[in-house]
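# Structural features, examined
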Amino acid sequence: MSNRILIISPECSSFKKGYQIICHQLLQFLKKKCVVDFVSSVYFSDKYFAKTDNHKKKQNLYIFKYNKLKRISNLLTFSIANEPVENLFYKSNQIKRKVADLLLKNKYKCIICILTRSVQYLPKFAKYPVICIAVDPIFSNYKTLAKKSTCLKKFVYYFEALKILLYEKKIDYKIKNKYYVSFKDVEICKKKYGFLNSQYLGYGVTIPKKIISFENRKPLSLIFSGNLSYPPNEISIKRFVFDCMPIIKERNSKVCLYIVGRNPSQKIINLQNSNIKVFSNVTCIYSYLQKALVSICPLFTSTGVQTKILEAFACGTPVIASKAAANGLFCKNNLDIKIYDNTHQLVEYIFWLFEKKNWEKISSNARKYVKNNHKWSSVFSRIKELNTI
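The sections below set out a description of the structure shown in this document. On a predicted model such as this, the values are computed, not experimentally measured, just so you know.

Time to look at the pattern of salt bridges. Inspection of every chain in the model, using the stated rule, returns 12 salt bridges. Between Asp 37 and Arg 4 there is a salt bridge whose closest N-O contact spans 2.9 Å. Placement of Asp 37 in strand S2 (residues 35-42) and of Arg 4 in strand S1 (residues 4-8) is noted, with a sequence separation of 33 residues between them. Exposure remark for Asp 37: the relative accessible area of 0% places this residue in the buried category. A salt bridge links Lys 356 to Glu 360, with the nearest nitrogen and oxygen atoms 4.0 Å apart.

Printed below as a string of structure tokens:
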């Protein structure tokens, strides 16, 4: 049997999004194990591939620069097209041709598609087992957004959710195993939508060797981290600022909140005051997580795994999360994390974790949890087809 793998990803421009990080870590994991052909696209010239030389011998990289105008023109057909916007934006004849060419020239152990939208690049004659790292059920994300939206946005989100679901049912027969980062998503996809090929993958994070102690962190500090242009993040942090911060400031006016992440909207930037600071497009999120005492994750979405929680755990920063945000993790409430039911409880947990004894207990347990469950090597060992390489 061939020891060669074909990996297809819709985009690899930044390695900042969850699926791109998985893709990058997968390439690192496989580089000494087998020959890999990697096909993807970038918007600008990609510095990562230009600087990396450790892939040269065993990893063949076929990276196409995509045409932004072409992608926008594809999007304009969304109302009449049978395909979801997610697919239309990433349509690429270049990737399709390259994938077909590679499949004609080489023999593969399997094909790994990063996200279900990558399956659109496969030709009909593809005969090798197809593994899809779906990350999370996108159609469920859009349904959640629709419920939280009004008027036209609600209709657009529901319409996209339906199109994605129909697309995934159409291509399901091509996929041997479909991997999700949350075990809850696996259960939903199997029981509610009939995707019996759904499997649990999990998500990994880099774990620092040392963490900063309670005494050396900024007193009375909170942090919210993530992609700040992502609607659920934006809605959640605004709710926290308007609903919780006034109550917190009444109890202690020195409590400060750091909002850290990529591409904050003007609405997020305008939240800044003497107690709230916004840091955008930072080089290393870990340096901010290590300075704060407590990480908050008040999200209302319940699909996927919140990377912000795992990154905080890795830094030994205790997390207070909503039930929806903690959904899909095996961590235990009151041992590894604090999960709240309402605003009053959230505020109480914040001040509870501002006490050293409580902070050190949750911090230590969170570090143990992430070390035992979320190393990248452990994550990829769950992909059955890679265990025989």
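Let's shift gears to the packing of helix H13 (residues 307-314) against helix H16 (residues 356-373). At their nearest, the axes of H13 and H16 sit 7 Å apart, and the two run at 115 degrees to each other. Viewed along their axes, H13 and H16 adopt a mutual orientation that is roughly perpendicular. Note that H13 runs across H16; the crossing there is left-handed. Only Ala 366, Arg 367, Tyr 369 and Val 370 of H16 make contact with H13, whose side of the interface consists of Leu 310, Phe 313 and Ala 314. Across the contact of H13 with H16, the residue classes tally to 6 nonpolar, no polar and 1 charged.

Let's shift gears to H16. The end-to-end C-alpha separation of H16 is 26 Å, in line with the 26 Å expected for 18 residues at 1.5 Å each. Taken together, the buried positions of H16 are occupied by Asn 358, Trp 359, Ile 362, Ser 363, Asn 365, Ala 366, Arg 367, Tyr 369 and Val 370. Those residues of H16 that are buried are in contact with H13, strand S13 (338-340) and helix H15 (343-353).

Within the largest apolar cluster, 127 residues are counted, with the highest numbers of intra-cluster contacts made by Ile 7, Ile 112, Phe 240, Ile 248, Leu 257, Ile 259 and Phe 313. For Ile 248, the residues in contact, after removing those within four places along its chain, are Leu 222, Phe 240, Val 255, Val 347, Ile 350 and Phe 351.

A few words on the sheet that holds strand S8 (residues 221-227). Reading across the sheet, the 6 strands line up as S10-S9-S8-S11-S12-S13 and stay open at both edges, with parallel pairing between neighbours. Strands with a single pairing partner mark the edges of an open sheet, and in this sheet they are strand S10 (276-280) and S13. The average undirected angle you get between the axes of adjacent strands in this sheet is 25 degrees. Across the sheet, helix H9 (residues 231-243) lies against S8, strand S9 (256-262), S10 and strand S11 (294-297), angled at about 160 degrees from S8, the strand it touches most.

Under the counting rule described, the total for this entry stands at 0 disulfides. Cys 34 carries a free sulfur, and the closest cysteine sulfur to it, the one in Cys 110, is 8.1 Å from it. Here Cys 315 is not cross-linked by a disulfide; its sulfur's nearest cysteine counterpart is in Cys 284, at 7.7 Å. Assessed through its relative accessible area of 0%, Cys 315 is described here as buried.

Our next topic: helix H5 (residues 93-105). Counted at 1.5 Å a residue, the expected span for H5 with its 13 residues is 18 Å, and the 18 Å between its end C-alpha atoms agrees. The set of residues buried in H5 consists of Ile 95, Val 99, Ala 100, Leu 102 and Leu 103. Within H5, the buried residues cover an arc of 165 degrees as seen down the axis, which keeps them to one side. Opposite the packed face of H5, turned more than 90 degrees from it, sit the exposed residues Asn 93, Arg 97, Leu 104 and Lys 105. Among the structural elements, S1, S2, strand S3 (59-65) and strand S4 (110-114) are those in contact with the buried residues of H5.

A surface patch of nonpolar side chains, about 350 Å² in accessible area, is lined by Leu 69, Ile 72 and Leu 76. Of note, Leu 69 is situated in helix H3 (residues 68-75). Taking the relative accessible area as the measure of exposure, Leu 69 reaches 68% and is therefore exposed.

Criteria and cut-off values
- Residues numbered from 1 in each chain as written.
- Predicted model: local features only at pLDDT ≥ 70, side-chain atom pairs only at ≥ 80, totals over all residues.
- Heavy atoms only, no water.
- Salt bridge = Lys/Arg side-chain N within 4 Å of Asp/Glu carboxyl O.
- Helix = DSSP H or I, 4+ residues; strand = E, 2+ residues; numbered from the N terminus.
- Buried < 20%, exposed > 50% of the residue type's maximum accessible area, 1.4 Å probe, protein only.
- Axes fitted to C-alpha atoms, helices over the stretch in contact; angles between N-to-C directions.
- Parallel < 35°, antiparallel > 145°, perpendicular 65-115°, else oblique.
- Left-handed = near helix turned anticlockwise from the far one by under 90°.
- Contact = heavy atoms within 4.5 Å.
- Nonpolar A, V, L, I, M, F, W, Y, C, P; charged D, E, K, R; others polar.
- Expected span 1.5 Å × (residues − 1).
- Core = buried A, V, L, I, M, F, W, Y, C linked by side-chain atoms within 4.5 Å.
- Pairing = 2+ DSSP bridges.
- Disulfide = S-S within 2.5 Å.
- Arc of directions from axis to C-beta.
- Patch = residues over 30% accessible without salt bridge, like charges linked within 9 Å, V, L, I, M, F, W, Y side chains within 5 Å.
- Areas by Shrake-Rupley, 256 points an atom, 1.4 Å probe, with all protein chains shown as cover.

All we've got here are geometric facts, nothing functional implied.
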